[in-house]
Amino acid sequence: MTVDDSGSGTDAQGGVEPPPLPASHERGDPPPADTGEDPLALRVEQLILGAERRYTPFQAARSAGVTMELATRFWRAMGFADVGQAKALTEADVLALRRLAGLVEAGLLSEAMAVQVARSTGQTTARLAEWQMDSFLEGLTEPPEPGMTRTEVTYPIVELLLPELQEFLVYVWRRQLAASAGRVVQGADDEEMVDRRLAVAFADLVGFTRLTRRMEEEELGELVEAFETTAADLVAARGGRLIKTLGDEVLYVADDAGTAAEIALMLIETLANDETMPELRVGMALGTVTTRMGDVFGTTVNLASRLTSIAPRDAVLVDTAFAEELIRAGDAPASEAAAAEAAAAAEKEGEEPPTYRFALQPMWQRPVRGLGVVEPWLLTRRNGTP
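Calculation rules
Residues numbered from 1 in each chain as written. Predicted model: local features only at pLDDT ≥ 70, side-chain atom pairs only at ≥ 80, totals over all residues. Heavy atoms only, no water. Helix = DSSP H or I, 4+ residues; strand = E, 2+ residues; numbered from the N terminus. Buried < 20%, exposed > 50% of the residue type's maximum accessible area, 1.4 Å probe, protein only. Contact = heavy atoms within 4.5 Å. Areas by Shrake-Rupley, 256 points an atom, 1.4 Å probe, with all protein chains shown as cover. Phe/Tyr/Trp six-rings, centres within 6.5 Å; stacked < 30°, edge-to-face > 60°. Arc of directions from axis to C-beta. Patch = residues over 30% accessible without salt bridge, like charges linked within 9 Å, V, L, I, M, F, W, Y side chains within 5 Å. Salt bridge = Lys/Arg side-chain N within 4 Å of Asp/Glu carboxyl O. Lys, Arg positive; Asp, Glu negative; His and termini not counted. Charge placed at Lys NZ, Arg CZ, Asp CG, Glu CD. Pairing = 2+ DSSP bridges. Polar contact = N/O pair within 3.5 Å; in protein donor to acceptor, adjacent residues only side chain to side chain.

Trainee: Account for the overall build of the protein chain, with residues named and values stated.
Mentor: For the protein chain, the helix and strand inventory stands at 13 helices and 13 strands. Of all 386 residues assigned to the protein chain, the portion counted as buried reaches 34%. Within the protein chain, counting contacts between residues at least 6 apart in sequence, those at least 24 apart form 65% of the total. Of the accessible surface of the protein chain, which amounts to about 23200 Å², a share of 53% is contributed by carbon and sulfur atoms.

Trainee: Explain the packing of aromatic side chains to me, using residue names and the numbers behind them.
Mentor: Enumeration according to the criterion identifies two aromatic pairs in this entry. Summarising the aromatic geometry, the rings of Phe168 and Tyr171 are spaced 6.0 Å apart at their centres and angled 40 degrees between planes, so their arrangement reads as tilted. Taken together, the positions of Phe168 and Tyr171, both in helix 7 (residues 150-185) and three residues apart, correspond to about one turn of that helix. The exposed category is assigned to Phe168, whose relative accessible area is 53%.

Trainee: So what's going on with helix 3 (residues 57-64)? Residues and values would help.
Mentor: Three or more residues of helix 3 are buried, namely Pro57, Ala60, Ala61 and Ala64. Axial view of helix 3: buried residues confined to an arc of 100 degrees, hence all on one face. Buried positions along helix 3 lie against helix 4 (68-77) and helix 5 (91-105). Gly65 sits one or two positions beyond helix 3 and adopts a positive phi of about 75 degrees.

Trainee: Go over a nonpolar patch on the surface, please, and point to the residues and values.
Mentor: On the surface, Val170, Trp173 and Leu177 cluster together into a nonpolar patch covering about 300 Å² of accessible area. Here Val170 lies in helix 7. Judged by its relative accessible area of 37%, Val170 is partly exposed.

Trainee: An account of a negative patch on the surface is needed here, citing residue identities and associated values.
Mentor: On the surface, a cluster of negative charge is made up of Glu216, Glu217, Glu218, Glu219, Glu222 and Glu225. Mapped onto the fold, Glu217 is located in helix 9 (residues 217-237).

Trainee: Could you give an account of the pairing of strand 6 (residues 249-254), naming the residues involved and the relevant values?
Mentor: Of all six residues making up strand 6, six are buried, and the element is well covered by its neighbours. Burial along strand 6 is two-sided: the residues Glu249, Leu251 and Val253 and Val250, Tyr252 and Ala254 are all buried. In terms of strand pairing, strand 5 (residues 241-245) meets strand 6 through four bridges, oriented antiparallel. Its bridge partner lying in strand 6, Lys244 is registered against Leu251. Between strand 5 and strand 6, which pair antiparallel one after the other, the connecting turn spans three residues, and Gly247 there sits at a positive phi close to 80 degrees.

Trainee: I'd love a proper account of the side chain of Arg382, names of residues and values included.
Mentor: Looking at the secondary structure, you find Arg382 in the segment after strand 13 (377-381). Classification of Arg382 by relative accessible area gives buried; the value is 12%. One polar contact links Arg382 to Glu336, side chain to side chain, over a distance of 2.7 Å. Ignoring anything within four residues of it in the chain, the contact list for Arg382 reads Pro333, Glu336, Ala339, Tyr356, Arg357, Phe358 and Ala359.

Okay, here's the thing in structure tokens:
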């Protein structure tokens, strides 16, 4: 048998042996009590966490110097189930508690904010971890040869991938943090850090519920993944920010109406060229939103959602504030008559006539549940010059 630096061994037949027991077991200490858990799962957990289970929740809280109540709040905020008083925590869990509590003690974060940090981090990374296991590791750990079990290949695959995935995660996080910090620094005042004026858009696949009854689960999963990937790429490339995906719907924001409008029309145009995709409808509104934990809330968000629900197929509806901003910025004429007048005036002065990216058509006013009467505007792309 050969043993590498990590302690994993390979026998003469090429099979992978499990790593050796921790040093405490080699010293003759009694093994941990049988918890009924899969031994491989415990070894993979130890590999990923970099430490073995040593503490009960009470012991971890005491070692971190925090109350059991605060430790429980942090633990639940991160998205982990209560474990009673089982010895399930590691030195890393103690360090995490100590760091969060230290930020509170130093006055850098309030206790409520520290809990929010734990919750936002836990929710985001939980989804990431699930996606990686479902879409990445599951495929890689398929037995490469007949007769080999997933158990025999899981540990070494995780051992090889872990450091690379960790470095990549930190890199992306730093990049996103830098971009977010830049937006905050450029804000007009402190209030814009929380309550900001943004263009908010929902893009929704038409007839998705009917599709779920007709398509196989695998086909449906592929369609949703293709939609989310296309939306995420277009939003990012054009300078918007994807807030979240909801299967058949995506929510994104942009700092200005023109950017949000361009993304919306590109989404419709791109999906229209894909025969496998259903039609799309988009609703957008411009106004103040409240940002919390990476999400957006407020009347503007609700209005964009309502406009989406009444938008025609392969069409974009915007609210009055959004339309007025496009007109003010010179991205759309107030009307075709106004565009003709502007072109005639420019020609008279010997100047180039104004060009517009978008066209706006007022629709019938209608009541929108919870928001009163609104006047939607149909947004389209304006081809050619006036």
